[in-house]
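# Structural features, examined
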Amino acid sequence: MVVLAKPAPLEQISIIKTHTSNNFFTGVPVIDLSRPDSKATMIKACMELGFFKVINHGIPTGLVSRLEAEAVKFFSLSQVEKERDSGIRSLFGYGSKRIGSNGDVGWLEYLLMQTNRESLSRTSQALFRANPDAFRSAVSEYLSAVKKLACEVLEMMAEGLNIQPKNVFSKLLMDEESDSLFRLNHYPPCPQLQEVDCKLTGFGEHTDPQIISILRSNNTSGLQISLRDGSWVSVPSDQKSFFINVGDSLQVLTNGRFRSVRHRVLANSYKSRVSMIYFGGPPQRERLAPLPLLMGEGEESLYKEFTWFEYKTSAYKTRLADNRLGQFMK
Ligand SMILES: C=C1C[C@]23C[C@@]1(O)CC[C@H]2[C@@]12CC[C@H](O)[C@@](C)(C(=O)O1)[C@H]2[C@@H]3C(=O)O
Ligand SMILES: O=C(O)CCC(=O)C(=O)O
Ligand SMILES: [Fe+2]
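Under the annotation held in an unreviewed UniProt entry, the chain carries the name gibberellin 2beta-dioxygenase and is attributed to Acorus calamus. Under the Cofactor (unreviewed entry) heading, UniProt states for the chain: "L-ascorbate".

## Points about the overall build of the chain
Tallying secondary structure elements over the chain gives 8 helices and 15 strands in all. Whereas a compact globule of 330 residues would reach a radius of gyration of roughly 20 Å, the chain reaches 19 Å, a difference of no more than 12%. In the chain, which comprises 330 residues, the proportion classed as buried is 53%. Of the accessible surface of the chain, which amounts to about 15,800 Å², a share of 52% is contributed by carbon and sulfur atoms. In the chain, the 40 positive side-chain charges and the 35 negative ones have mean positions that sit 3 Å from each other.

## Examining the coordination of the iron ion (ligand 3)
Summarising the metal site, the iron ion (ligand 3) is bound by the protein donors His206 (NE2), Asp208 (OD) and His263 (NE2), whose distances to it range over 2.1 to 2.2 Å. Expressed as a motif, the donor residue spacing for the iron ion (ligand 3) is H-x1-D-x54-H. A residue pair is termed long-range when its members are at least 10 positions apart, and His206 in strand 7 (residues 198-206) and His263 in strand 12 (residues 263-266) qualify at 57 residues. By relative accessible area, which is 7% here, His206 ends up buried. The class of His263 is buried, set by a relative accessible area of 5%.

## Description of the site of ligand 1
Taken together, 19 residues sit near ligand 1, with Arg183, Gln210, Ala315, Tyr316 and Thr318 positioned nearest. Note that an oxygen atom of ligand 1 is positioned 2.6 Å from one of the side-chain N or O atoms of Tyr316. Thr318 has a polar backbone atom sitting 3.0 Å from an oxygen atom of ligand 1. Burial of ligand 1 by the protein amounts to 99% of the accessible area it has alone, namely 470 Å².

## Quick word on the pattern of salt bridges
Scanning the entire structure with this criterion turns up 16 salt bridges. The salt bridge involving Arg262 is made with Glu205; its shortest N-O contact spans 2.7 Å. Residue Arg262 is located in the loop between helix 7 (248-253) and strand 12, and its partner Glu205 is located in strand 7; the two are separated by 57 residues in the primary sequence. Judged by relative accessible area, which is 29%, Glu205 ranks as partly exposed.

## What to know about the pairing of strand 12
The two faces of strand 12 match: His263 and Val265 on one face and Arg264 and Leu266 on the other face are all buried. Judged from the 3 bridges that link them, strand 7 and strand 12 form a sheet pairing that is antiparallel. Bridged to His206 within strand 12 is His263. Bridge count for strand 9 (residues 223-226) against strand 12 is 3 bridges, and the pairing is antiparallel. When the bridges of strand 12 are listed, Gln224 appears paired with Arg264.

## Some words on helix 8 (residues 308-315)
All of the buried residues in helix 8 are Trp308, Tyr311, Ser314 and Ala315. Looking straight down helix 8, one finds its buried side chains confined to an arc of 135°; they lie on one side. The secondary structure elements touched by the buried residues of helix 8 are helix 7, strand 14 (287-288) and strand 15 (306-307).

## Digging into the site of ligand 2
As a matter of local geometry, ligand 2 sits amid 13 residues, with Asn185, Tyr187, His263, Arg273 and Ser275 nearest to it. Between ligand 2 and the protein, one listed contact pairs an oxygen atom with a side-chain N or O atom of His206 at 3.1 Å. Residue Asp208 places a side-chain N or O atom 3.4 Å away from an oxygen atom belonging to ligand 2. Isolated, ligand 2 exposes 300 Å² of accessible area, and the fraction of that covered by the protein chains is 97%. Of all the elements in the fold, those that place two or more residues in the shell around ligand 2 are strand 6 (181-187), strand 7, strand 12 and strand 13 (273-280).

## A word on the side chain of Gln251
Summarising the element assignment, Gln251 is placed in helix 7. On the accessibility criterion, Gln251 (16% relative accessible area) is buried. Within the local environment of Gln251, its side chain forms a polar contact with the backbone nitrogen of Ser260, the two atoms lying 2.8 Å apart. When near neighbours in sequence (up to four residues on either side) are disregarded, Gln251 contacts Val246, Gly256, Phe258, Arg259, Ser260, Tyr303 and Leu325.

## Things to note about helix 4 (residues 117-127)
Along helix 4, the positions that sit buried rather than exposed are Ser119, Leu120, Thr123, Ser124, Ala126 and Leu127. Where helix 4 is buried, its residues touch helix 2 (61-75), helix 3 (79-82), strand 4 (93-99), strand 5 (104-114) and helix 5 (132-160).

## Observations concerning empty space enclosed by the protein
One pass over the structure, following the stated rule, counts 1 cavity of 30 Å³ or more. Lining of the largest cavity is provided by Leu215, Ser217, Ser221, Gly222, Leu223, Val235, Pro236, Ser237, Phe243 and Arg273. Classifying every residue of the lining of the largest cavity by side-chain character gives 5 nonpolar, 4 polar and 1 charged.

## Here's the deal with the sheet that holds strand 5
As summarised here, the arrangement of the 8 strands in space is 2-3-11-8-13-6-5-4, forming an open sheet in which the pairing is mixed. This sheet does not close on itself; its edge strands, each paired only once, are strand 2 (30-32) and strand 4. Taking each pair of neighbouring strands and ignoring which way they run, the sheet shows an average axis angle of 25°. As paired elements, strand 5 and strand 6 share 6 bridges and run antiparallel to each other. Within the sheet, the bridge partner assigned to Leu112 lies in strand 6 and is Arg183. Across the sheet, helix 4 touches strand 4 and strand 5, and the angle it forms with strand 5 is around 120°.

Quick notes on the rules
Residues numbered from 1 in each chain as written. Chains lettered and ligands numbered in written order. Predicted model: local features only at pLDDT ≥ 70, side-chain atom pairs only at ≥ 80, totals over all residues. Heavy atoms only, no water. UniProt positions renumbered as here; feature names shortened; annotations may be inferred. Helix = DSSP H or I, 4+ residues; strand = E, 2+ residues; numbered from the N terminus. Rg over C-alpha atoms; globule rule 2.2 N^0.38 Å. Buried < 20%, exposed > 50% of the residue type's maximum accessible area, 1.4 Å probe, protein only. Areas by Shrake-Rupley, 256 points an atom, 1.4 Å probe, with all protein chains shown as cover. Lys, Arg positive; Asp, Glu negative; His and termini not counted. Charge placed at Lys NZ, Arg CZ, Asp CG, Glu CD. Donors = N, O, S within 2.8 Å, 3.2 Å for Na, K, Ca; no water. Near = heavy atom within 4 Å. Polar contact = N/O pair within 3.5 Å; in protein donor to acceptor, adjacent residues only side chain to side chain. Salt bridge = Lys/Arg side-chain N within 4 Å of Asp/Glu carboxyl O. Pairing = 2+ DSSP bridges. Arc of directions from axis to C-beta. Contact = heavy atoms within 4.5 Å. 1 Å grid on protein atoms, 1.4 Å probe; cavity = no way out; pocket = protein on both sides within 12 Å on 5 of 7 lines; lining within 4 Å. Points joined across faces, edges and corners; volume = space filled by probe spheres on them. Nonpolar A, V, L, I, M, F, W, Y, C, P; charged D, E, K, R; others polar. Axes fitted to C-alpha atoms, helices over the stretch in contact; angles between N-to-C directions.

Written as structure tokens, this is what we have:
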């Protein structure tokens, strides 16, 4: 017997009362990668917010717009075509409104994939039947560029923290067995909300479990981050820049010096948002513990010992908004 998943009804997606229509945060740290003082600004941003944006990153606009065009083409297909391959329920591939497998829902559809060659080929063949190679090559070239950017940023972080070698973090992403993911999100407009002073949750609040996330979106706002006092602020969109999130694993590796940023996306009532996120993760066998070179005299680890596999397995049993690192704190 085939059991079809029921569509998530709109009423299940949380409505957020905003009242403040667009209180855009003007304090997003901007790191200009071409400036010599950028390491210090980056460290400050990682400690205070766990979030910043990078400019002068060197990633060609053409690479980004080519992938965005492929994503838009895919999301414009009929629902039947998009769901063609989702017979076997799996974490990866196309998803609509359901996030993860523990009951979270949001006003979005997405493509989630592993970054290795086989997984990318499988997704391209299954979902981009008309021209799998166009999608595969657009993702693959984009991923090479953002992975390089992620490594450059992680090396600047190591240098800014005065720890050696400078590839202590980046080698985890460069490892052949790095467990990294890539996600294309599409948040359709929600015209029903135009009349009311409310927003619909696109992607509920959470922290990213990996080391680092590199996010790029089109010119539609919606991303919000939580500040240290727990208040939410809207990040102005900037399609030419990349936004960087510190993930839970980097918080652990730095013994809490860097904080993984809590973030969420609110759907826009009249504009569609498309985002692409690379989640740089370590190999599954990797032990996650504060780097000894970083620890001050007598400083103890805030966390119990665990591998990325153990953390990921436990994280994927949690709800989106849960504090996943809580159970690994000493
Ligand atoms: C509810 C969930 C979705 C998620 C797996 C989880 O159980 C908790 C972490 C979620 C998250 C957030 C960042 C990324 O978008 C993601 C792919 C990840 O690695 O962790 C998602 C997971 C998902 O969508 O499956
Ligand atoms: O789509 C976005 O802008 C952010 C989505 C996100 O936080 C995620 O996929 O983990
Ligand atoms: Fe996220």
